[in-house]
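Observations on chain architecture
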Amino acid sequence: TCWDEDEDEETHPIWLTHNEVMFLDDSLTMMIERDSMSEAITTIRAVAPSANLPAPVMLLDKIGMAVLQVTDPQSIEQGTTVYLGESEMYMLREICHSYCKIGKEPVGYNLKRKIYLALYNDSYEKNKAVDTLLATVDLDIKEPAPKIDK
């Protein structure tokens, strides 16, 4: 498993395949701060043409460790778990286009789904349960309730 060191933010474990890890690593570029006289943040690579995501070093560290784990020739695992904070997940969703594939693996779709499950699964499951319960309630009232005289 990859690092779990973000002290300020709750992290969520996300299982990533080899292709998902490599896709993320290829899509990230390092975010660097410049002096106060110019733009506050820039990147090592140009962002616009390749649509790379400027990422903080801590996220690059997590993905870098994941790359080492999924490319380790002595490992028999087909992927690894990475612990991501909510802000990191929101950043990564920006590069996870649902149409992106590596070979036949729909890495963009799979990553987007994993990220949203980590962010919203509890609320989603509660809403599904409420919807299921409401679907079983007969709300079709045909006549008004009888009035009770006091």
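Just above sits the structure.
Report on the accompanying structure. Just so it is clear, the structure is predicted and the values come from calculations on it, not from any experiment.

This part takes up the pairing of strand S1 (residues 11–17). Counting buried positions along S1 gives 5 out of 7 residues, so the element sits mostly inside the fold. In this sheet, strand S5 (residues 79–85) lies alongside S1 in antiparallel orientation, the contact comprising 7 bridges. Residue pairing in the sheet places Thr11 in a bridge with Gly85 of S5.

As a further point, take the environment of Gln78. Tracing the sequence through the fold places Gln78 in the loop between helix H2 (57–71) and S5. Remark: the alpha-carbon pair of Gln78 and His18, spanning 60 residues in sequence, is separated by 6.4 Å. For Gln78, the contacting residues outside a window of four places in its chain are Trp15, Thr17 and His18.

Here the focus is the environment of Tyr116. In this structure, Tyr116 sits in helix H4 (residues 107–136). Sequence separation between Tyr116 and Arg93 is 23 residues; the distance between their C-alpha atoms is 8.5 Å. When sequence neighbours within four positions are dropped, the list of residues in contact with Tyr116 reads Arg93 and Asn121. Among the polar contacts listed, one links the side chain of Tyr116 to the side chain of Arg93, at a separation of 2.6 Å.

As a further point, take the pattern of salt bridges. A complete count under the given rule lists 4 salt bridges for this structure. In this structure, Glu94 engages Arg93 in a salt bridge whose closest nitrogen and oxygen atoms are separated by 2.6 Å. The partly exposed category is assigned to Glu94, whose relative accessible area is 46%. Glu125 serves as the salt-bridge partner of Lys128, at 3.8 Å between the closest nitrogen and oxygen. In this pair, Lys128 and Glu125 are both assigned in helix H4, 3 residues apart and thus about one turn of the helix distant. Take Lys128: its relative accessible area is 39%, and that puts it in the partly exposed class.

Between helix H1 (residues 18–27) and H2, whose axes approach to 9 Å, the crossing angle comes to 140°. The angle between the axes of H1 and H2 places the two elements in the oblique class. Our pair here, H1 against H2, has a crossing hand that is left-handed. In this structure, H1 uses His18, Val21, Met22, Leu24 and Asp25 to contact H2, whose residues at the interface are Ile63, Ala66, Val67, Val70 and Thr71.

Attention shifts here to the nonpolar core. One finds Leu24, Leu28 and Leu92 to be the most contacted residues of the largest nonpolar core, which totals 25 residues. Of all elements in the fold, only S1, H1, strand S4 (53–55), H2, S5, helix H3 (86–93) and H4 reach the threshold of two or more residues within this core.

The next subject is a nonpolar patch on the surface. A cluster of nonpolar side chains, Val130, Leu134 and Val137, forms an exposed patch at the surface whose accessible area comes to about 250 Å². Mapped onto the elements of the fold, Val137 is located in the segment after H4. For Val137, a relative accessible area of 43% puts it in the partly exposed group.

Attention now goes to H4. The end-to-end C-alpha separation of H4 is 37 Å, well short of the 44 Å expected for 30 residues at 1.5 Å each. Along H4, the sharpest change in direction is near 75° and occurs at Tyr120. Those residues of H4 that fall on the buried side of the exposure criterion are Val107, Gly108, Leu111, Ile115, Ala118 and Leu119.

Calculation criteria
- Residues numbered from 1 in each chain as written.
- Predicted model: local features only at pLDDT ≥ 70, side-chain atom pairs only at ≥ 80, totals over all residues.
- Heavy atoms only, no water.
- Buried < 20%, exposed > 50% of the residue type's maximum accessible area, 1.4 Å probe, protein only.
- Helix = DSSP H or I, 4+ residues; strand = E, 2+ residues; numbered from the N terminus.
- Pairing = 2+ DSSP bridges.
- Contact = heavy atoms within 4.5 Å.
- Polar contact = N/O pair within 3.5 Å; in protein donor to acceptor, adjacent residues only side chain to side chain.
- Salt bridge = Lys/Arg side-chain N within 4 Å of Asp/Glu carboxyl O.
- Axes fitted to C-alpha atoms, helices over the stretch in contact; angles between N-to-C directions.
- Parallel < 35°, antiparallel > 145°, perpendicular 65-115°, else oblique.
- Left-handed = near helix turned anticlockwise from the far one by under 90°.
- Core = buried A, V, L, I, M, F, W, Y, C linked by side-chain atoms within 4.5 Å.
- Patch = residues over 30% accessible without salt bridge, like charges linked within 9 Å, V, L, I, M, F, W, Y side chains within 5 Å.
- Areas by Shrake-Rupley, 256 points an atom, 1.4 Å probe, with all protein chains shown as cover.
- Expected span 1.5 Å × (residues − 1).
- Bend = angle between axes of the 7 residues up to and from the residue.

Everything listed is a geometric property; what it means functionally is a separate question.
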